[in-house]
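Below, each chain spelled out in residue letters.
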Amino acid sequence: MVPYADFNLLPFPDRDQALEKILDLTMLSDIFPTGYHGAYSAGVTTGSTVYVAGAGPVGLAAALSAQLLGASVVMVGDTNPDRLKQAESFGCVGIDLTTDGTLEEKIAAVTGEPEVDAAVDAVGFEARGHGKDAGEAPATVLNDCMGIARAGAGIGIPGLYVTGDPGAVDDAAKEGTLGVRLGLGWTKSHRFVTGQCPVKQYNRQLMNLILHDRAPIAKAVNATTISLDQAADGYQQFDKGAAQKFVIDPHGMVPSA
Ligand SMILES: NC(=O)c1ccc[n+]([C@@H]2O[C@H](COP(=O)([O-])OP(=O)(O)OC[C@H]3O[C@@H](n4cnc5c(N)ncnc54)[C@H](O)[C@@H]3O)[C@@H](O)[C@H]2O)c1
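Attention in this report is confined to the structure presented alongside it. Think of each chain on its own: its residues are numbered from 1, step by step along the sequence as written. Residues qualify for local features only when their pLDDT is at least 70, as the model is predicted, and side-chain atom pairs are given and counted only at 80 or more; totals for whole chains, interfaces and linings, by contrast, use all residues. The side-chain numbers reported here are obtained from all heavy atoms of the structure, hydrogens and water having been left aside.

## Here we look at the sheet that holds strand β6 (residues 191-194)
- Ordered by their spatial adjacency, six strands build an open sheet running β3-β2-β1-β4-β5-β6, and the pairing between neighbours is parallel. At either margin of the open sheet sits one strand with a lone partner, and together these are β3 (93-96) and β6. Taking the axes of each pair of neighbouring strands and ignoring which way they run, one obtains an average angle of 20° across the sheet.
- What makes two strands pair is DSSP finding at least two bridges between them. A helix here means a DSSP run of H or I that spans at least four residues, while a strand means a run of E at least two residues long, and both kinds are numbered starting from the N terminus. With four bridges connecting them, strand β1 (residues 49-53) and strand β4 (residues 116-121) associate as parallel partners. Within β4, the residue paired with Y51 across the bridge is A119. Every angle, taken between N-to-C directions, lies between 0 and 180 degrees, and every axis is a line fitted to C-alpha atoms, over only the stretch in contact when it is a helix.

Here you go:
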């Protein structure tokens, strides 16, 4: 039973063609449109320099989307070495946040200037600070993005922020109040776009990109098919930061499974 199926489902033009690409098409249900929304709403266009915070599946989808939108260089920041390698596997520049130096310096080492045309927060309230053993610091990525986005730039924020986080680091964060330096964003006239992704705004066009071999999204996020029996282990590995996006295939329908 699929609630509101007549509204929510995306019809594929041809069953056999769709089954050949089903692993890529699976990404249309959430992360591909979400990552695309981050890049698109940050205003990425031909020649943009782009910083994506977070090399999880959403960050990787945002990075691939930025490339599809014509970015000249896409830098992806994270503290997880395997996920940084995954970003580099499709032409992004990994920015290792565990090493010494500021984010501005790391970006300048790539582009020659300490700022970018567009920034995407694909991390959200679970952000950690910079450095090897940094703990949770939920405003980090928003402040990073304002720090490195040029004046007038867009900042796409698909990363999730909440109004209640009982396990948060301090009382303010427990109710979603963060130490965001909004004055910097105001001074630089930034444009912020956040909230739940309007998936249906993008998924038909993204489906066409996949069907015409223009968007290797499954490869970009290292989509890995697992059986239902392996699901619990898949969740655990994902929680530990595996550089994989697990797809549960209970009926063995994915050709490579
Ligand atoms: N807006 C929407 O509709 C929508 C849809 C899906 C997911 N999301 C949200 O997008 C976010 C990302 O999802 P995901 O599945 O990729 O999550 P994830 O937890 O797998 O990845 C987040 C990555 O961010 C990294 N990270 C932590 N602190 C960082 C920092 N300061 N700078 C850079 N990277 C840092 C982590 O190491 C991790 O690799 C989550 O908040 C998720 O809830 C939003």
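Having seen it, we continue.
## Digging into the site of the ligand
- Looking at the ligand, there are 24 residues lining it, with D78, R83, R128, P158 and C197 nearest.
- A distance of 3.4 Å separates a nitrogen atom of the ligand from a polar backbone atom of G54.
- Between the ligand and P57, the relevant distance is 3.2 Å, taken from an oxygen atom to a main-chain nitrogen or oxygen of the residue.
- Comparing atom positions with the cavity grids shows the ligand to sit within the largest pocket. The criterion for a residue being near a molecule or strand is simple. One of its heavy atoms has to lie within 4 Å of it. In protein, a polar contact requires one atom able to donate a hydrogen and another able to accept it; more generally it is a pair of N or O atoms within 3.5 Å, and residues adjacent in sequence count only if both atoms are side-chain atoms. Both cavities and pockets are sets of points on a 1 Å grid over the protein atoms alone; in a cavity a 1.4 Å probe fits but cannot get out, in a pocket the set is open with protein on both sides within 12 Å along at least five of seven lines, and lining residues sit with an atom within 4 Å of a point. Assignment of a molecule to a cavity or pocket requires that more than half of its atoms lie within 2 Å of the corresponding grid points.

## Re the nonpolar core
- Residues F32 and V52 are the most contacted members of the largest nonpolar core, which totals 46 residues.
- Residue assignment for this core shows that the elements contributing at least two residues are α3 (22-26), α4 (31-41), β1, α5 (57-68), β2 (73-78), β4, α11 (203-211) and α12 (217-220).
- One finds A53, L142, M146 and I155 within the second-largest nonpolar core, a separate group that totals 20 residues. The term nonpolar core refers to a set of buried residues drawn from Ala, Val, Leu, Ile, Met, Phe, Trp, Tyr and Cys, joined through side-chain atoms within 4.5 Å. Note on classification: 1.4 Å probe, protein chains only; a residue is buried when its accessible area is under 20% of the maximum for its type, exposed when over 50%, partly exposed between these limits.

## So, empty space enclosed by the protein
- Grid points are joined across faces, edges and corners, and a volume is the space filled by probe spheres set on the points. Going through the model one piece at a time under the given rule, you end up with one cavity of 30 Å³ or more.
- Reported here for the largest cavity is a volume of approximately 30 Å³.
- In terms of lining residues, the largest cavity is bounded by A55, G56, P57, L60, R83, Q86, V221, A242, A243, Q244 and K245.
- Elements with a minimum of two residues in the lining of the largest cavity: α5 and α6 (81-88).

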